[in-house]
Amino acid sequence: QVQLAESGGGLVQAGESLKLSCLASGKTWTIGGMAWYRQTPGKERELVARITRGGVPREFGDFVKGRFTIRRDNTKNTVDLQMNNLTPEDTAVYSCYAQAQGLASWGQGTQVTVST
């Protein structure tokens, strides 16, 4: 099994930046693709960014519009999401996802709040 722990959420003002980190533990050698998702109350969870096992970014949500980058360090078992030029519409709980041996693992999520 794989466990995921997010960190880095918080309250920022519109236009500012925030970096989220996800630390994987457990059977980390089995992890394939990883991703960040986000969810706000009353809305479905949506993909923010996805990255391959080899560290290649593969997909971003349409709303990202070049503002976010995703990076992965397999030596540290981390995947980071750098978010720039945040807007209030980016307010959500951001969760880390990993696929390992055909199973999906999720972190608890970290709250990101962007004020005007």
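Provided above is the structure to which this section pertains.
Residues numbered from 1 in each chain as written. Predicted model: local features only at pLDDT ≥ 70, side-chain atom pairs only at ≥ 80, totals over all residues. Heavy atoms only, no water.

(A) Focus on the side chain of Thr110. Looking at the element boundaries, Thr110 is found in strand 11 (residues 110-115). From its side chain, Thr110 meets the backbone nitrogen of Gly9 in a polar contact 3.2 Å long. Apart from the residues lying within four places of it in its own chain, the contact partners of Thr110 are Glu6, Gly8, Gly9, Leu20, Ala92, Val93 and Tyr94. (Helix = DSSP H or I, 4+ residues; strand = E, 2+ residues; numbered from the N terminus. Polar contact = N/O pair within 3.5 Å; in protein donor to acceptor, adjacent residues only side chain to side chain. Contact = heavy atoms within 4.5 Å.)

(B) Summary view of unusual backbone geometry. Unlike most non-glycine residues, Lys65 shows phi in positive territory, near 50 degrees. Summarising the element assignment, Lys65 is placed in the loop between strand 6 (57-60) and strand 7 (68-73). A relative accessible area of 70% means that Lys65 is categorised as exposed. In this structure, Asn85 takes a positive phi of about 50 degrees despite not being glycine. Take Asn85: it is sitting in the loop between strand 8 (78-83) and strand 9 (92-100). (Buried < 20%, exposed > 50% of the residue type's maximum accessible area, 1.4 Å probe, protein only.)

(C) Highlighting the environment of Tyr97. Position of Tyr97 among the secondary structure elements: in strand 9. The residues contacting Tyr97, other than those within four sequence positions of it, are Leu4, Gly33, Met34, Ala35, Tyr37, Ala104, Ser105 and Trp106.

(D) The state of the cysteines, seen in detail. Counted under the stated rule, the structure contains one disulfide. A sulfur-sulfur distance of 2.1 Å marks the disulfide that ties Cys22 to Cys96. Judged by the sign of its S-S torsion, about -85 degrees, the bond between Cys22 and Cys96 is left-handed. Residue Cys22 is found in strand 3 (residues 18-26), and its partner Cys96 is found in strand 9; the two are separated by 74 residues along the sequence. Using a relative accessible area of 1% as the deciding quantity, one classes Cys22 as buried. (Disulfide = S-S within 2.5 Å.)

(E) The sheet that holds strand 7, seen in detail. With respect to topology, four strands assemble into an open sheet ordered 1-3-8-7, the strand pairing being antiparallel. Strand pairing shows two members of the sheet lacking a second neighbour, strand 1 (2-7) and strand 7, which therefore form its edges. Pairs of neighbouring strands in the sheet enclose a mean axial angle of 15 degrees, with direction left out of account. (Pairing = 2+ DSSP bridges. Axes fitted to C-alpha atoms, helices over the stretch in contact; angles between N-to-C directions.)

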